[in-house]
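Spelled out from the first residue to the last, the chains are:
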Amino acid sequence: QETLATDDGALRTIAAKKRALADPAARSTLGRVLFGDAPGRAPDAGLVVYLLTAFAERFPDEALGRYLVGRQLTGRDPKLAVRTLTLACPTDGPPPGAPPLLPVVRKECLRLFGEAAFRAGELDEAEAAFRTLRDEAATTAERLRATDFLERIAWTRKERRGAQAR
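Residues numbered from 1 in each chain as written. Predicted model: local features only at pLDDT ≥ 70, side-chain atom pairs only at ≥ 80, totals over all residues. Heavy atoms only, no water.

## A short note on the overall build of the chain
What the chain contains, in helices and strands, is eight helices and zero strands. On the principal axes, the C-alpha backbone points of the chain span a range of 60 × 35 × 35 Å. Counting only residues that meet the buried cut, the chain has 39% of its 166 residues in that class. Of the roughly 9,700 Å² of accessible surface on the chain, 54% is carried by carbon and sulfur atoms. (Helix = DSSP H or I, 4+ residues; strand = E, 2+ residues; numbered from the N terminus. Buried < 20%, exposed > 50% of the residue type's maximum accessible area, 1.4 Å probe, protein only. Areas by Shrake-Rupley, 256 points an atom, 1.4 Å probe, with all protein chains shown as cover.)

As structure tokens, then:
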């Protein structure tokens, strides 16, 4: 079945919703996050992190769960997000035998990983993520966004060296 969507965010959501409906264990965790327990009633943020973690633990071979947990952690604790997203979307590709993330999800995973690593002060990891995004960019806008972040990383390194020299 072909899925029509207007942007990458919609494609990621559709992929997650399809996975949530695939079996009872996914419906009881990921499904509750995406569809709520009742119409118009979304779970609170703490429950979301718990349910996504439960999904990731029930399906450890699927990177989707780790990506979704990392997505939740990126704004809350970048260091924890980096650890989780490293497993979801390593810059050198998925582990042998593990199903890869859909390209649209992998791209967002790498972006979140790069931003979390930058915020956590892990500039080498951030640079690797944004180099991958730049090199795999499908559009000029994607390439420019990655290049912009690479320039931020270079500027931050330069500032750190200057501060150390003082």
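## Focus: empty space enclosed by the protein
To locate leftover empty space, one rolls a probe as large as a water molecule over the atoms. Taken as a whole and judged by the stated rule, the model has one cavity of 30 Å³ or more. Breaking the lining of the largest cavity down by element, the ones donating at least two residues are α4 (63-74) and α5 (78-88). Counted by class, the lining of the largest cavity contains eleven nonpolar, one polar and two charged residues. (1 Å grid on protein atoms, 1.4 Å probe; cavity = no way out; pocket = protein on both sides within 12 Å on 5 of 7 lines; lining within 4 Å. Points joined across faces, edges and corners; volume = space filled by probe spheres on them. Nonpolar A, V, L, I, M, F, W, Y, C, P; charged D, E, K, R; others polar.)

## What to know about the confidence of the model for the chain
Across the chain, the average pLDDT comes to 92, with 95% of residues at 70 or higher. Taking the mean pLDDT of every element in the chain, the minimum, 93, falls on helix α8 (residues 140-165) and the maximum, 97, on helix α7 (residues 123-135). (pLDDT = per-residue confidence, 0-100.)

## Observations concerning the side chain of Thr74
Among the structural elements, Thr74 can be located in helix α4. Thr74 gets classed as buried once you look at its relative accessible area, which sits at 7%. Here Gly70 takes part through its backbone oxygen, which lies 2.8 Å from a polar atom of the side chain of Thr74. Leaving out residues up to four positions away in the same chain, Thr74 has contacts with Ala81, Leu85, Leu112, Ala116 and Arg119. (Polar contact = N/O pair within 3.5 Å; in protein donor to acceptor, adjacent residues only side chain to side chain. Contact = heavy atoms within 4.5 Å.)

## Observations regarding the state of the cysteines
Scanning all chains against the criterion turns up one disulfide. Paired by a disulfide, Cys89 and Cys109 hold their sulfur atoms 2.2 Å apart. The disulfide joining Cys89 to Cys109 has a torsion of about -80° about its S-S bond and is therefore left-handed. Within this pair, whereas Cys89 is found in the loop between α5 and α6 (103-119), its partner Cys109 is found in helix α6, the two being separated by 20 residues in sequence. According to the relative accessible area criterion, Cys109 is buried, its value standing at 0%. (Disulfide = S-S within 2.5 Å.)

## Some details on the packing of aromatic side chains
Enumeration over the complete set of coordinates arrives at three aromatic pairs. With a centroid separation of 5.0 Å and an interplanar angle of 45°, the aromatic rings of Phe55 and Phe59 are classed as tilted. Across the pair, Phe59 and Phe55 agree in class, each one buried. Here the aromatic rings of Phe118 and Phe149 are separated by 5.3 Å at their centres, their planes lie at 90°, and the arrangement is edge-to-face. Here Phe118 is found in helix α6, whereas its partner Phe149 is found in helix α8, with 31 residues between them in sequence. Put simply, the rings of Phe118, Phe130 and Phe149 touch in pairs and so form one group of aromatic residues. (Phe/Tyr/Trp six-rings, centres within 6.5 Å; stacked < 30°, edge-to-face > 60°.)

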